[in-house]
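Structural overview
Residues per chain, in single letters:
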Amino acid sequence: MKKFLILTIAFAFILQGAFLLFADEEGKVTKVYEGDRIKVKIDGKSYKVQLLGVDTPKKKWGSDELTKYVAKAAKKYTIDQIKKKNVTLKADKKAGDKNKSGDLLRYVYIGKTHINAELLKQGYGKVNEDLSFSQKTSFKKYESKAKKDGEGLWGEPKKKVGVFAKLFGNSDEEEDEDIDEDASAPASKATAVKTSSSGEKREYADTGKWVFVTKSGEKYHRKDCGHIANSQDIEKITVEEAKKRGLEPCKTCNPPK
Ligand SMILES: [Zn+2]
């Protein structure tokens with residue numbers, strides 16, 4: 001009987017360990033390395049996190065312009081969505097806790113938005129074929145749909161490069177927009193209206209009040225949104241103007257409201 005009790009207790013501990021390992025974690029994103037790789041602070045400790053099941057463009061994919069632009073767009077998307085924000089991390093038993101480099105493998109959520117899935121839906125990445133994970137079937141569907149719709153990576157390269165070039169210009173500075181872990185600027189700073197002569201781009205970054213629309217669209221977007229990446233007639237307007245026109249904020253890119 002005593003032996004049974006000990007075994008039961010031991011088993012309970014193992015079970016608890018397994019639950020702890022796969023319990024959701026809450027953390028704050030302190031850095032975005034790439035669209036699919038971030039640094040998250042959980043309970044005061046920093047972890048590198050690989051977004052499970054999605055691969056955004058890597059150097060080994062080649063150095064053609066479209067790949068470079070999509071890498072940039074993916075990174076910007078991740079920064080815009082979750083930089084300095086609190087996220088929920090979910091592990092997947094099938095995929096395991098960590099990858100070979102020791103990064104946590106996680107699905108990353110902000111509210112109900114599943115960032116891993118969104119990256120695929122917008123064509124900012126491909127499904128990681130080398131990994132087994134429980135959401136692979138849905139992820140493949142998102143990828144196929146993005147392919148069919150010519151989102152991000154999947155459009156006609158020449159045309160897409162032109163569109164991305166228009167969106168990004170020569171804004172290499174933006175790429176360095178990483179989050180300094182210790183420089184925890186107050187959130188209000190991001191929405192402060194700057195009246196300095198620092199130019200349009202800066203104004204956009206600081207006020208967050210510029211949005212992008214197409215002639216026929218019923219939604220307004222952030223400039224890097226996959227839904228407008230294929231459009232030739234993008235117009236930059238203020239949120240107020242977008243609302244006046246009766247346009248709704250895009251649910252995918254979550255523009256300023
Ligand atoms: Zn959008």
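Residues numbered from 1 in each chain as written. Predicted model: local features only at pLDDT ≥ 70, side-chain atom pairs only at ≥ 80, totals over all residues.

Focus on helix α2 (residues 65-82)
The α-helix winds at 3.6 residues per turn, so residues separated by three or four positions along the chain end up facing the same way. In a regular helix each residue adds 1.5 Å, so 18 residues correspond to 26 Å; α2 covers 26 Å between its end C-alpha atoms and thus fits that length. Extensive coverage of α2 is indicated by the burial of 14 of its 18 residues. (Helix = DSSP H or I, 4+ residues; strand = E, 2+ residues; numbered from the N terminus. Expected span 1.5 Å × (residues − 1). Buried ≥ 20, exposed ≤ 12 C-beta atoms within 10 Å, placed from the backbone.)

A few points about unusual backbone geometry
Only a minority of non-glycine residues have a phi that is not negative, and only a minority of peptide bonds are not trans. The residue Lys84 is not glycine, and still its phi comes out positive at about 60°. Within the secondary structure, Lys84 sits in the loop between α2 and β5 (86-90). Taking the number of C-beta atoms within 10 Å as the measure of exposure, Lys84 has 15 and is therefore partly exposed. For Asn254, which is not glycine, the phi torsion reads 50° and is therefore positive.

Focus on the packing of α2 against helix α5 (residues 157-168)
Closest axis-to-axis distance for the α2/α5 pair is 9 Å, and the angle between their directions is 45°. Accordingly, the angle class assigned to the pair α2 and α5 is oblique. The handedness of the crossing between α2 and α5 comes out as left-handed. Contacts between α2 and α5 pair Glu65, Leu66, Tyr69, Lys72 and Ala73 from the former with Pro157, Lys160, Val161, Phe164 and Phe168 from the latter. The residue makeup of the contact of α2 with α5, split by class, is seven nonpolar, no polar and three charged. (Axes fitted to C-alpha atoms, helices over the stretch in contact; angles between N-to-C directions. Parallel < 35°, antiparallel > 145°, perpendicular 65-115°, else oblique. Left-handed = near helix turned anticlockwise from the far one by under 90°. Contact = placed C-beta atoms within 7 Å. Nonpolar A, V, L, I, M, F, W, Y, C, P; charged D, E, K, R; others polar.)

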